[in-house]
Amino acid sequence: MQSLKEKSRQLLLVEQFHIHDHSIGDREIKESLERLFTYILTKTKIWYIEFIDEKVLYDYIRYQCRSSGEVDFYQAVRDVKNYLYFLRYIRRSKYIPEVDLSIKNLLLWVEI
């Protein structure tokens, strides 16, 4: 039963992230979404992208910098920016997390 539940979750997330959708023509955005999708699928219990908030996105940057090694800090930040672009302009979501990626968020950058 657990595997059926995980398969349902994966299919639901794939649909929401437009992973197999050809409308996303920008390769960089698509690769960013795929990395974020993999993180959400493997490291969280989130079913709907509406529940991806600032904390999850900051945790994604931390994970990429400390544990994963898949991408560097700069690319992890770009992934978050590309995800926010996806929400705002491609998906046209009503809820867009308020992520502060500016230098003003010094506490976050020192922690990472």
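Refer to the preceding data block for the structure.
Rules used throughout
Residues numbered from 1 in each chain as written. Predicted model: local features only at pLDDT ≥ 70, side-chain atom pairs only at ≥ 80, totals over all residues. Heavy atoms only, no water. Axes fitted to C-alpha atoms, helices over the stretch in contact; angles between N-to-C directions. Helix = DSSP H or I, 4+ residues; strand = E, 2+ residues; numbered from the N terminus. Parallel < 35°, antiparallel > 145°, perpendicular 65-115°, else oblique. Contact = heavy atoms within 4.5 Å. Nonpolar A, V, L, I, M, F, W, Y, C, P; charged D, E, K, R; others polar.

A. The packing of helix α2 (residues 27–43) against helix α4 (residues 73–90), seen in detail. One can describe the packing of α2 onto α4 by two numbers: an axis separation of 9 Å at closest approach and a directional angle of 100°. On the basis of their axis angle, the class for α2 and α4 is roughly perpendicular. Counting all contacts with α2, which are made through Glu 28, Ile 29, Ser 32, Leu 33, Arg 35 and Leu 36, the residues of α4 involved are Gln 75, Arg 78, Asp 79, Asn 82, Tyr 83, Tyr 85 and Phe 86.

B. Quick look at the packing of α2 against helix α3 (residues 54–68). Across the interface, α2 lies against α3 with an axial gap of 11 Å and an inter-helix angle of 100°. As far as their axial angle goes, α3 and α2 are roughly perpendicular. The residues of α3 that touch α2, namely those facing Arg 35, Leu 36, Tyr 39, Ile 40 and Lys 43, are Val 56, Leu 57, Asp 59, Tyr 60 and Tyr 63. Class assignment of the residues belonging to the contact of α2 with α3 gives a composition of 7 nonpolar, no polar and 3 charged.

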